[in-house]
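Notes for the structure review
Here's the letter readout for the chains.
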Amino acid sequence: MQAYDLEPAGHPYDALTPDVVLDALDTVGLRGDGRLQGLSSYENRVYLARLEDGGAVVLKFYRPERWSEAQIEEEHAFAEELAAAEVPMVAPLRLLGRTLHRHHGFLFSVSPARGGRRPELDDPEVLEWIGRLLARLHQVGAARPFERRPALDATTFGSEPLAWLLEQGDLPPEAAGRWRETAQAALTLATEAMTACAPQGRIATLRLHGDCHPGNILWTPDQGPHFVDLDDSRSGPAVQDLWMLLSGDRQQQQRQLGALLDGYETLREFDRRELALIEPLRTLRLLHYSAWLARRWSDPIFPINFPWFGSAAYWQEQAAILWQQVEAMQQQPLVA
């Protein structure tokens, strides 16, 4: 792909060598035994480090210039609030009086190493348990607003990413027209739905996990689910943290949603009007995702892991998916 190579050769993460990672560990008073394992993460760089005392921690090096130091600290404060409320959440360790540290030009945090597997989302009891967990997270999230982190809305996840894509690169001519037309139609419907819920505070917003897909929930047989990775935490409607756990056809999603809400509403009320936002939020995520890939293309890990991005076939497929979203947004929302 050529269209979005906007940055000069090289990438800031090129300087994040194993020695730098181990030296960063030393600066917070922890001694690694030299063993590092890169963990799956595209946005940041994350490593499992073994310690000389036999323990292990996870180091997370934040992508330069994505979040400000204050915005990351606000994420950490939220994680600590969740931990204080005994919500199962992997929060960063407070070392030398801080959760956020700086080394070699990188901001980084250190967290305890926690294991687990993806939850079995076809099991209603598992979904109910996750629903209760989300309700507990949202109880903490509703206690106070974010002051520095942005909201998840039709501007930040829709119109701004779309405008950036159209301005910054040349889409393949054989796909550009169809994708542009469909993306604009989908964004219009999504924006209308989000706006209809906004006046007079009709739909409440709160601090969210923000990226609550199955990969960010780890399951252990003895303790059940726990959350990881608040990196995408923003303000938004509660349903944002539920819809990414739904999959399959409408009937399957209906059952999954019912199980999630059975658990959720044992602890916290859920506003059924938010169900009308599921497809608009899914649409906004699709637009945001394409812009995210394009904006990260100078990072060598992206062309390696997403080689299909930017091709005519990619944009044609996205146009087809967005058209399905246009149709979905015109149907009656899921009920529960």
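Everything below is about the structure printed above this text.
One structure accompanies this document, and this report is about it.

Cut-offs applied
- Residues numbered from 1 in each chain as written.
- Predicted model: local features only at pLDDT ≥ 70, side-chain atom pairs only at ≥ 80, totals over all residues.
- Heavy atoms only, no water.
- Helix = DSSP H or I, 4+ residues; strand = E, 2+ residues; numbered from the N terminus.
- Rg over C-alpha atoms; globule rule 2.2 N^0.38 Å.
- Buried < 20%, exposed > 50% of the residue type's maximum accessible area, 1.4 Å probe, protein only.
- Lys, Arg positive; Asp, Glu negative; His and termini not counted.
- Charge placed at Lys NZ, Arg CZ, Asp CG, Glu CD.
- Salt bridge = Lys/Arg side-chain N within 4 Å of Asp/Glu carboxyl O.
- Contact = heavy atoms within 4.5 Å.
- Axes fitted to C-alpha atoms, helices over the stretch in contact; angles between N-to-C directions.
- Parallel < 35°, antiparallel > 145°, perpendicular 65-115°, else oblique.
- Left-handed = near helix turned anticlockwise from the far one by under 90°.
- Phe/Tyr/Trp six-rings, centres within 6.5 Å; stacked < 30°, edge-to-face > 60°.

1. What about the overall build of the chain?
Counting its regular elements, the chain contains ten helices and nine strands. For 336 residues, the compact-globule estimate of 2.2 N^0.38 gives 20 Å, and the chain sits close to it at 21 Å. Its C-alpha atoms give the chain principal-axis dimensions of about 60 × 50 × 35 Å. Burial status across the chain gives 50% buried among its 336 residues. Averaging the locations of the 32 positively and 47 negatively charged side chains of the chain gives two centres separated by 3 Å.

2. Focus: unusual backbone geometry
One non-glycine residue with positive phi stands out, namely Glu86, at about 60°. Position of Glu86 among the secondary structure elements: in the loop between α2 (69-84) and β4 (101-103). Positive phi outside glycine occurs at His104, with the angle close to 55°. Position of His104 among the secondary structure elements: in the loop between β4 and β5 (106-112).

3. Focus: the pattern of salt bridges
Two side chains of opposite charge can pair, provided their charged atoms sit close to one another. Following the criterion strictly, the structure yields 24 salt bridges and no others. Residue Asp229 is joined to Lys60 by a salt bridge in which the shortest nitrogen-to-oxygen separation is 3.4 Å. Residue Asp229 is located in the loop between β8 (224-227) and β9 (235-236), and its partner Lys60 is located in strand β3 (residues 56-61); the two are separated by 169 residues in the primary sequence. The exposure class assigned to Asp229 is partly exposed, which follows from its relative accessible area of 31%. What makes Lys60 buried here is its relative accessible area of 12%. Note that Arg285 is salt-bridged to Asp211, the shortest N-O span being 3.0 Å. Placement of the pair is Arg285 in helix α8 (residues 278-295) and Asp211 in the loop between β6 (206-207) and β7 (217-220), with a sequence separation of 74 residues. The class of Asp211 is buried, set by a relative accessible area of 9%.

4. Quick word on the environment of Gly32
Structurally, Gly32 can be placed in strand β1 (residues 32-39). The spatial distance from the C-alpha of Gly32 to the C-alpha of Arg250 is 49 Å, given a sequence separation of 218 residues. Apart from residues no more than four positions distant in its own chain, Gly32 is found in contact with Leu25, Arg50, Leu51 and Glu52.

5. Remarks on helix α1 (residues 18-27)
Of the positions making up α1, those classed as buried are Val20, Val21, Leu22, Ala24 and Leu25. Check the buried side of α1 and you find it contacts β1, β2 (45-51), β3, β4 and β5. Just beyond α1, the residue with positive phi is Gly29, at close to 85°.

6. A look at the packing of helix α5 (residues 173-196) against α8
Remark: α5 packs on α8, axes separated minimally by 9 Å, with the N-to-C direction vectors making an angle of 140°. By the criterion of interaxial angle, the relationship of α5 to α8 is oblique. In terms of crossing hand, the pair formed by α5 and α8 is left-handed. Facing α5, whose interface residues are Trp179, Ala183, Ala186, Leu187, Ala190, Ala193 and Met194, α8 presents Pro280, Leu281, Thr283, Leu284 and Leu287.

7. Brief notes about the packing of aromatic side chains
Tallied over the full model, the rule gives 20 aromatic pairs. Arranged with centres 5.3 Å apart and planes meeting at 25°, the rings of Phe61 and Phe108 form a pair that is stacked. Taken together, the positions of Phe61 in strand β3 and Phe108 in strand β5 put the pair 47 residues apart, joining distant regions of the chain. Accessibility assignment for this pair places Phe61 and Phe108 in one class, buried. Between Trp129 and Trp219, the ring centres sit 5.0 Å apart and the planes meet at 80°, which makes this aromatic pair edge-to-face. Taken together, the residues span a long stretch of sequence, with Trp129 in helix α3 (residues 124-141) and Trp219 in strand β7 at a distance of 90 residues. Feature note: the residues Tyr42, Trp179, Tyr289, Trp292, Trp297, Phe302, Phe306, Trp308, Phe309, Tyr314 and Trp315 constitute an aromatic cluster, connected by ring pairs.

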